Amino acid sequence: MVQKVDSIWFDGKLVPWDEAQVHVLTHTLHYGCGVFEGIRAYRLADGGSAVFRLKEHIHRHFNSAKILEMQIPFSEEDICAAVIETLKANRMAEGYIRPLSFIGAGVMGVHPGNNPIQTIIATWPWGAYLGEDALAKGIRVKTSTFTRHHVNVMMTKAKTCGNYVNSVLAKREAIADGYDEALMLDTEGYVSEATGENIFIVRGGVIKTTPLTSVLDGLTRNSLITLARDLGYEVVEQRFTRDELYSADEAFFCGTAAEVTPIREVDRRAIGAGKAGEVGLHLQKEYFKVVKGENPAYAKWLDRYTL
């Protein structure tokens, strides 16, 4: 269950959590045309707090809205400031942040007409998305029977509410079959991404991740590519097949919620030694140093704030 806090930012003002409500005929509730972000704030090693890559997340949020032809009636700077305002109002030194822009009530039918574009920002405490043990030991993954979106069927570079029906179906299937997460293939049968994470594999010391053909341009993915290359790893963005994943030395997922989560098994096949791999754990360790302000080389990725 989401842990309730005091306030949610709603169209320019803070309102009590229980009063952040919409009408049942809200357009996005019926047709899924909305955009959102997942962002994390971290308690820093020096005792302060910071939001990780806030400006980049909000810029992607506005690009998602642009793709869906939604005009958000606030600037990117407004929304960045509102994120910090909401964290402070809820006295949160760390936690998860969910901006959501959606089409409000008005006309019904597929075309939204001039219905208002509304925006909320919610924050709440949220630990490891796939569980604390997952970060250390890795998870079990099932290749989904559901295919990831084709680039001309859904807008795959937009973080769109409706896109995630695909993820919900895949996740339910994986959990029902006893796995922790689902892996999805693209429409040509190549490995795409998970229900809410990008994927990396390691073979012969080389790190490989799926290219940005039909997957979301994840900011954690982008951060890890930069970090890995700065650490001296070779990173290539290249399509790979399911059997190449099966024979990888190691594999891991990444995302704002999942952070860096090793994969120990896919479709009943052990990945590498069947446990979290050295490269993935190394990147996980270095990633947490970055988000907690322990690596000054990446200070530009942190928007600091004080309660």
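Residues numbered from 1 in each chain as written. Predicted model: local features only at pLDDT ≥ 70, side-chain atom pairs only at ≥ 80, totals over all residues. Heavy atoms only, no water.

### A look at helix H2 (residues 54-67)
With 14 residues, H2 ought to run about 20 Å at 1.5 Å a step, and its terminal C-alpha atoms sit 20 Å apart, in line with that. Of the residues trailing H2, Glu 69 is marked for its positive phi of about 60°. (Helix = DSSP H or I, 4+ residues; strand = E, 2+ residues; numbered from the N terminus. Expected span 1.5 Å × (residues − 1).)

### A word on the layout of surface pockets
Roughly 880 Å³ of volume is contained in the largest pocket. Phe 36, Arg 98, Lys 159, Tyr 164 and Gly 196 are, among the 37 residues lining the largest pocket, the residues nearest its centre. Looking at the lining of the largest pocket, the elements with two or more residues in it are H2, strand E6 (95-103), helix H5 (164-176), strand E10 (191-194), helix H6 (219-230) and strand E14 (250-255). Looking at the lining of the largest pocket element by element, the count peaks at 4 residues for H5. (1 Å grid on protein atoms, 1.4 Å probe; cavity = no way out; pocket = protein on both sides within 12 Å on 5 of 7 lines; lining within 4 Å. Points joined across faces, edges and corners; volume = space filled by probe spheres on them.)

### Here we look at the nonpolar core
If you look at the biggest cluster of nonpolar residues, it comprises 36 residues, and the most contacted ones within it are Val 51, Leu 54, Ile 58, Val 83, Leu 87, Ile 97 and Ile 121. Looking at this core element by element, the count peaks at 6 residues for helix H3 (residues 76-89). The contacts of Val 51, once residues within four sequence positions are left out, are Ile 39, Arg 40, Ala 41, Val 83, Ile 84, Leu 87, Ile 97, Trp 301, Leu 302, Asp 303 and Tyr 305. (Core = buried A, V, L, I, M, F, W, Y, C linked by side-chain atoms within 4.5 Å. Buried < 20%, exposed > 50% of the residue type's maximum accessible area, 1.4 Å probe, protein only. Contact = heavy atoms within 4.5 Å.)

### Brief notes about the packing of aromatic side chains
In this description, an aromatic ring pair is defined by two values, namely the gap between the centres and the angle between the planes. Inspection of every chain in the model, using the stated rule, returns 11 aromatic pairs. A ring pair is formed by Trp 124 and Trp 126, whose centres lie 5.9 Å apart and whose planes are at 40°; its orientation type is tilted. The partly exposed category is assigned to Trp 126, whose relative accessible area is 31%. Site record: aromatic cluster; members linked through ring pairs are Phe 52, Tyr 287, Phe 288, Tyr 298 and Trp 301. Note that Arg 140 overlies the ring of Tyr 179, its terminal NZ or CZ placed 4.4 Å from the centroid. Sitting above the plane of the Phe 288 ring, Lys 292 keeps its charged end 5.3 Å from the centroid. (Phe/Tyr/Trp six-rings, centres within 6.5 Å; stacked < 30°, edge-to-face > 60°. Lys NZ or Arg CZ within 6 Å of the ring centre and 35° of its normal.)

### Considerations on a nonpolar patch on the surface
Together, Val 24, Leu 25, Leu 29, Tyr 31, Met 108 and Val 110 make up a nonpolar patch on the protein surface, roughly 600 Å² of accessible area in all. With respect to the helices and strands, Leu 29 occurs in helix H1 (residues 27-31). (Patch = residues over 30% accessible without salt bridge, like charges linked within 9 Å, V, L, I, M, F, W, Y side chains within 5 Å. Areas by Shrake-Rupley, 256 points an atom, 1.4 Å probe, with all protein chains shown as cover. Salt bridge = Lys/Arg side-chain N within 4 Å of Asp/Glu carboxyl O.)

### Considering the pattern of salt bridges
Per the stated rule, a full pass over the model turns up 17 salt bridges. Ionic pairing is found between Lys 142 and Asp 177, a salt bridge with its closest N-O pair at 3.3 Å. Residue Lys 142 is located in strand E8 (residues 139-143), and its partner Asp 177 is located in the loop between H5 and strand E9 (181-185); the two are separated by 35 residues in the primary sequence. Its relative accessible area of 44% is what places Asp 177 among the partly exposed residues. Through salt bridges with shared partners, a single ionic network connects Asp 186, Glu 188 and Arg 239.

### Points about the domain arrangement of the protein chain
Segmenting the protein chain into domains produces domain 1 (7-124) and domain 2 (132-291). Inter-centroid distance (C-alpha atoms) of domain 1 to domain 2 is 26 Å. Taken together, the contact pairs 20 residues of domain 1 with 20 residues of domain 2. Between domain 1 and domain 2 the total buried area reaches about 1700 Å² when both faces are included, carbon and sulfur atoms providing 63% of it. (Domains from an automatic or database assignment. Buried area = accessible area lost by both parts, 1.4 Å probe.)

### Observations concerning unusual backbone geometry
One non-glycine residue, Glu 259, lies in positive phi territory at about 60°. With respect to the helices and strands, Glu 259 occurs in strand E15 (residues 259-266). Residue class for Glu 259 comes out buried when judged on its relative accessible area of 6%. For Asp 267, which is not a glycine, the phi torsion comes out positive at approximately 50°. Among the secondary structure elements, Asp 267 is positioned in the loop between E15 and strand E16 (269-270).

### So, the environment of Thr 210
Considering the arrangement of structural elements, one finds Thr 210 in the loop between strand E12 (206-209) and H6. Its relative accessible area of 2% is what places Thr 210 among the buried residues. Sequence-wise, Thr 210 and Thr 147 are 63 residues apart; in three dimensions their C-alpha atoms are separated by 15 Å. Aside from chain neighbours lying at most four places away, what touches Thr 210 is Val 191, Ser 192, Ile 199, Val 215, Arg 221, Gln 238 and Phe 240. In terms of polar contacts, Thr 210 uses its side chain to reach the backbone carbonyl oxygen of Ser 192, at 3.1 Å. (Polar contact = N/O pair within 3.5 Å; in protein donor to acceptor, adjacent residues only side chain to side chain.)

### Some points on empty space enclosed by the protein
Taken as a whole and judged by the stated rule, the model has 2 cavities of 30 Å³ or more. Quantified by volume, the largest cavity comes out at close to 50 Å³. Lining the largest cavity are Asp 186, Tyr 190, Val 191, Ser 192, Thr 210, Pro 211, Thr 213, Ser 214, Val 215, Arg 239 and Phe 240. By residue class, the composition of the lining of the largest cavity is 5 nonpolar, 4 polar and 2 charged. Volume-wise, the second largest cavity comes out at about 30 Å³. Forming the boundary of the second largest cavity are Arg 40, Tyr 42, Phe 52, His 57, Thr 256 and Tyr 287. Counted by class, the lining of the second largest cavity contains 3 nonpolar, 2 polar and 1 charged residues. (Nonpolar A, V, L, I, M, F, W, Y, C, P; charged D, E, K, R; others polar.)

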